[in-house]
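Examination of the molecular architecture
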Amino acid sequence: MAPTSAPDLNAVVTAREDLNEALFVFRAEFEDGEQPRFEPGQFTNLGLPATGDEGGSSGFVKRPYSVASSPSEKGVEFFVRLVDEGALTPKLLQLGVGDALWMDKRFLGKFTLEHLPESPAAADRDLIMVSTGTGLAPFISMLREFRGAKPWRRFVMINGVRVESDLGYRQELESLDRETDWFTYLPMCTRADADGPWRGLRGRVGEALDPALYADLVGVPLDTDHSQVFLCGNPDMIDTVQADLEGRGFQRHKRKEPGQLHLERYW
């Protein structure tokens, strides 16, 4: 079998921010100037030449990443955590502004607001976005793109991380929480030092969905009549929260069987 040819590097890094030694945000643009079209919540593939045998016959490594920017912004933004033994993230970590990479021009996935059921109507709809780590990315894209039109009654952002420095987009989300009456930001830490500066919620994200605690934090109940729950990130978190909510009457949304749960497993 003839070896598969590697694609040309077709994009360049135009901005980068490091949250800590293993977590970073970067933006890339296509070198031909094309502005991609996608739906908030979708993902695309990124790639770089392999340095070992991890690229197979093509000598190239590709992996899918959710988009954090909105389609209205210039370029495409990604929120990435280093995987020490990963084939691609250590290479992405080394990229700086001006460096080249490959970015697929196809944007894929149905984890979008476009696929919400018709009921409840936007004026009665609460969107509850539950994520771990960089699973926050698609929800940032949705929030940035639709906050003007606001096709929801409330937008609740629950993001679980290990320590406080892992909280991505924190300033943006805290500001929106202070400035609006329809947005609630609930960051949670599982390993924050008990004697440290963190004064927010502790524990796993599913704990924030406890009926009494959720109603106290958000001001309305979590119910099947008004809530659409999106889960993104660690598959174990998704399985646990899905099982808990299904036990309370929630069901996974399907085109022919409308429900309240929408899932995006990150690996």
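In what follows, the accompanying structure is described. (Residues numbered from 1 in each chain as written. Predicted model: local features only at pLDDT ≥ 70, side-chain atom pairs only at ≥ 80, totals over all residues. Heavy atoms only, no water.)

The strand order 10-9-8-7-11-12 describes an open sheet built from 6 strands, whose pairing is parallel. The open sheet is flanked by strand 10 (201–202) and strand 12 (261–265), the only strands paired with a single partner. By the bridge criterion, 7 bridges tie strand 8 (residues 154–161) to strand 9 (residues 183–189) in an arrangement that is parallel. Bridge pairing in strand 9 places valine 161 opposite cysteine 189. (Pairing = 2+ DSSP bridges. Helix = DSSP H or I, 4+ residues; strand = E, 2+ residues; numbered from the N terminus.)

Before going further, it helps to examine the packing of aromatic side chains. The full count for this structure, using the stated rule, is 12 aromatic pairs. Seen from their ring centres, phenylalanine 26 and phenylalanine 78 are 5.5 Å apart, and the 35° between their planes marks the pair as tilted. With phenylalanine 26 in strand 2 (residues 23–30) and phenylalanine 78 in strand 5 (residues 76–81), this pair connects stretches of sequence that are 52 residues apart. Judged by relative accessible area, which is 4%, phenylalanine 26 ranks as buried. With centroids separated by 4.8 Å and ring planes inclined at 65°, the aromatic side chains of tryptophan 152 and phenylalanine 155 adopt a geometry described as edge-to-face. (Phe/Tyr/Trp six-rings, centres within 6.5 Å; stacked < 30°, edge-to-face > 60°. Buried < 20%, exposed > 50% of the residue type's maximum accessible area, 1.4 Å probe, protein only.)

Empty space within the largest pocket amounts to approximately 1200 Å³. If you list the elements that add at least two residues to the lining of the largest pocket, you get strand 4 (60–66), strand 5, strand 8, helix 5 (235–246) and strand 12. Its residues assigned to classes, the lining of the largest pocket comprises 15 nonpolar, 13 polar and 10 charged. Estimates place the volume of the second largest pocket at around 300 Å³. Around the second largest pocket, the lining residues are Lys110, Phe111, Thr112, His115, Phe230, Arg252, His253, Lys254, Arg255, Leu261, His262 and Leu263. At 3 residues, strand 12 tops the list of elements feeding residues into the lining of the second largest pocket. (1 Å grid on protein atoms, 1.4 Å probe; cavity = no way out; pocket = protein on both sides within 12 Å on 5 of 7 lines; lining within 4 Å. Points joined across faces, edges and corners; volume = space filled by probe spheres on them. Nonpolar A, V, L, I, M, F, W, Y, C, P; charged D, E, K, R; others polar.)

Turning next to the state of the cysteines. Tallied over the full model, the rule gives 0 disulfides. Among the cysteines around cysteine 189, which has no disulfide bond, cysteine 232 carries the closest sulfur, lying 18 Å off. Look at cysteine 232 and you get buried, because its relative accessible area is 0%. (Disulfide = S-S within 2.5 Å.)

Under the defined criterion, the tally for this structure stands at 16 salt bridges. A salt bridge links aspartate 239 to arginine 265, with the nearest nitrogen and oxygen atoms 2.5 Å apart. Of this pair, aspartate 239 sits in helix 5 while arginine 265 sits in strand 12, placing them 26 residues apart in sequence. Given the relative accessible area of 39%, aspartate 239 is considered partly exposed. Residue arginine 265 is classed as partly exposed on the basis of its relative accessible area, which comes to 36%. We note a salt bridge from arginine 248 to aspartate 244, for which the minimum N-O separation is 2.7 Å. By relative accessible area, which is 36% here, aspartate 244 ends up partly exposed. Each of Arg27, Glu73, Glu77, Arg144 and Glu172 takes part in one network of salt bridges that share partners. (Salt bridge = Lys/Arg side-chain N within 4 Å of Asp/Glu carboxyl O.)

Turning to helix 3 (residues 170–179), a few remarks are in order. Within helix 3, burial applies to Leu173, Ser175 and Leu176. An end-on view of helix 3 places all buried positions within 160° of arc, on one side of the element. Projecting away from the buried face of helix 3 at angles above 90 degrees are the exposed residues Gln171 and Arg178. The inward-facing, buried residues of helix 3 abut helix 2 (137–146), strand 8 and strand 9. (Arc of directions from axis to C-beta. Contact = heavy atoms within 4.5 Å.)

Let us now look at the environment of alanine 149. Tracing the chain through its elements places alanine 149 in the loop between helix 2 and strand 8. Judged by relative accessible area, alanine 149 falls into the exposed class, the value being 64%. Sequence-wise, alanine 149 and leucine 23 are 126 residues apart; in three dimensions their C-alpha atoms are separated by 31 Å.

Right, let's get into the nonpolar core. Nonpolar side chains tend toward joint burial in soluble globular proteins. With 31 residues, the main nonpolar core has Met129, Leu143, Phe155, Met157, Leu173, Phe183 and Phe230 as its most contacted residues. For this core, the secondary-structure elements that each account for two or more residues are strand 2, strand 7 (126–132), helix 2, strand 8, helix 3, strand 9 and strand 11 (227–233). Here this core takes 5 residues from helix 2, the largest share from any one element. With sequence-adjacent residues up to four places away left out, phenylalanine 230 is seen in contact with Phe111, Thr112, Leu113, Leu116, Leu127, Ile128, Met129, Val130, Phe139, Met142 and His262. One finds Phe24, Phe78, Leu82 and Phe107 within the second-largest nonpolar core, a separate group that totals 26 residues. (Core = buried A, V, L, I, M, F, W, Y, C linked by side-chain atoms within 4.5 Å.)

Where strand 1 (residues 11–20) lies against strand 2, 8 bridges are found, and the strand directions are antiparallel. Among the inter-strand pairings, alanine 15 is bridged to a residue of strand 2, identified as arginine 27. Between strand 1 and strand 2, which follow one another and run antiparallel, lie 2 residues. Where strand 1 lies against strand 6 (residues 100–103), 2 bridges are found, and the strand directions are antiparallel. Pairing of valine 12 across the sheet is with alanine 100, part of strand 6.

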